[in-house]
Amino acid sequence: MEEKLKLLALIGAGAFFGSAATVSLLKLFPRAVTHEDTKEAITANGTNPVLGKKPAMTPPDLLSDEVVCEQLTRNIQFFGLDSQQKVTASYVVVIGLGGVGSHAAAMLLRSGVGRLLLVDFDQVTVSSLNRHAVATREDVGTPKAFCLEKHFQSIFPECRVDAKVLLYDSSSEEEILSGNPDFVLDCIDNIDTKGFKSNFRNRSWGASGSH
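Residues numbered from 1 in each chain as written. Predicted model: local features only at pLDDT ≥ 70, side-chain atom pairs only at ≥ 80, totals over all residues. Heavy atoms only, no water.

Which residues make up helix α6 (residues 144-155), and what values do they have?
In this model, α6 (12 residues) spans 17 Å end to end at C-alpha, consistent with the 16 Å of a helix rising 1.5 Å per residue. Summarising the contacts, the buried residues of α6 are in contact with α2 (66-71), α5 (101-111), β2 (115-119) and β3 (160-164). (Helix = DSSP H or I, 4+ residues; strand = E, 2+ residues; numbered from the N terminus. Expected span 1.5 Å × (residues − 1). Contact = heavy atoms within 4.5 Å.)

Give a detailed account of the packing of α5 against α6, specifying residues and quantitative values.
Close contact between α5 and α6 brings their axes to 11 Å; oriented N to C, the two are set at 25°. Considering their axes alone, α5 and α6 lie roughly parallel with respect to each other. Between α5 and α6 lies a crossing whose hand is right-handed. On α6, the residues that touch Ser102, Ala105, Ala106, Leu109 and Arg110 of α5 are Leu148, Phe152 and Ile155. The class makeup of the residues in the contact of α5 with α6 is six nonpolar, one polar and one charged. (Axes fitted to C-alpha atoms, helices over the stretch in contact; angles between N-to-C directions. Parallel < 35°, antiparallel > 145°, perpendicular 65-115°, else oblique. Left-handed = near helix turned anticlockwise from the far one by under 90°. Nonpolar A, V, L, I, M, F, W, Y, C, P; charged D, E, K, R; others polar.)

Kindly report on the pattern of salt bridges, identifying the contributing residues and their values.
Within this structure, the stated rule accounts for five salt bridges. Salt-bridge contacts for lysine 144 lead to aspartate 122; the nearest nitrogen and oxygen are separated by 3.9 Å. Placement of lysine 144 in helix α6 and of aspartate 122 in the loop between β2 and α6 is noted, with a sequence separation of 22 residues between them. When its relative accessible area of 3% is taken as the criterion, lysine 144 is described as buried. For aspartate 122, a relative accessible area of 30% puts it in the partly exposed group. Taken together, the salt bridges that share partners define one network made up of Arg115, Arg160 and Asp162. (Salt bridge = Lys/Arg side-chain N within 4 Å of Asp/Glu carboxyl O. Buried < 20%, exposed > 50% of the residue type's maximum accessible area, 1.4 Å probe, protein only.)

Describe the environment of leucine 129, naming the residues involved and giving the relevant values.
Locating leucine 129 in the fold gives a position in the loop between β2 and α6. When its relative accessible area of 22% is taken as the criterion, leucine 129 is described as partly exposed. Through-space distance from the C-alpha of leucine 129 to that of aspartate 139 is 9.4 Å; in sequence the pair is 10 residues apart. If we skip the residues at most four places from it in the chain, leucine 129 touches Val124, Ala135, Thr136, Arg137 and Val140.

Tell me about the confidence of the model for the protein, residues and numbers included.
Of the residues in the protein, 62% have a pLDDT of 70 or more, and the chain-wide mean is 77. Confidence over residues 29-54 falls short of pLDDT 50; this stretch has 42 contacts with residues more than four positions distant or in other chains. (pLDDT = per-residue confidence, 0-100.)

Describe the environment of asparagine 130, with residues and values.
Residue placement: asparagine 130 occurs in the loop between β2 and α6. Spatially, the C-alpha atom of asparagine 130 lies 8.6 Å from that of glycine 99, the residues being 31 residues apart in sequence. Here arginine 131 takes part through its side chain, which lies 3.0 Å from a polar atom of the side chain of asparagine 130. (Polar contact = N/O pair within 3.5 Å; in protein donor to acceptor, adjacent residues only side chain to side chain.)

A description of the nonpolar core should follow, citing residues and the corresponding values.
In this structure, Val92, Val94, Leu109, Leu116, Leu118, Phe152 and Leu185 are the most contacted members of the largest nonpolar core, which totals 34 residues. Elements that contribute at least two residues to this core include exactly α2, α4 (81-88), β1 (91-95), α5, β2, α6 and β4 (183-186). Shared between two domains, this core holds at least three residues of each, these being domain 1 (59-89) and domain 2 (91-186). Counting residues in hydrophobic clusters, the runner-up holds 10 residues, among them Tyr91, Val119, Ile176 and Leu177. (Core = buried A, V, L, I, M, F, W, Y, C linked by side-chain atoms within 4.5 Å. Domains from an automatic or database assignment.)

Requested: an account of α4, with residues and values cited.
Taken as a whole, α4 has its buried residues at Leu81, Ser83, Gln84, Val87 and Thr88. What you see down the axis of α4 is that its buried residues fit within an arc of 160°, all on one side. (Arc of directions from axis to C-beta.)

What follows is the structure in structure tokens.
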């Protein structure tokens, strides 16, 4: 019973943390209170004849795609088109991709964030399948960052997803946080690493975490 409660708490925390991060992003920008017609933002979009999928788009162009606009229609109805465009133009870094981080990253993806950087040094294990957002038995032994990157391509392929198999510390901090991210989610389960974030305290951080 205790293990079930812990599992439910992990899943709930991940989903809540991802949603909270999206709301935090929206608070950085003015909220649009009206939404006339999302179809006005739609234009024709090409496909890649070799890969059989749409080429990556820059975040400001995401809502010009009819499928993307339809996928995010409930978000647009609630937040307004202008606010959703701010979200799709955002760049978020998620550090730690376990029970909390994987769910947080998945919620950010489904919310329409246009660019994600996924960072974790660890691999998917059989014992982590009870709490990971997307991992299956076929992913066991795969780096968590690559696992999420792969699955995210089938959920929201228009999002630019980058994955780094790195431990967040003083030697990797600059590489991970370069590129001027709008928001950084700390989903690390190591107290020493959590307390390290010294050189980039001016960033917008969100903190939680459990693997």
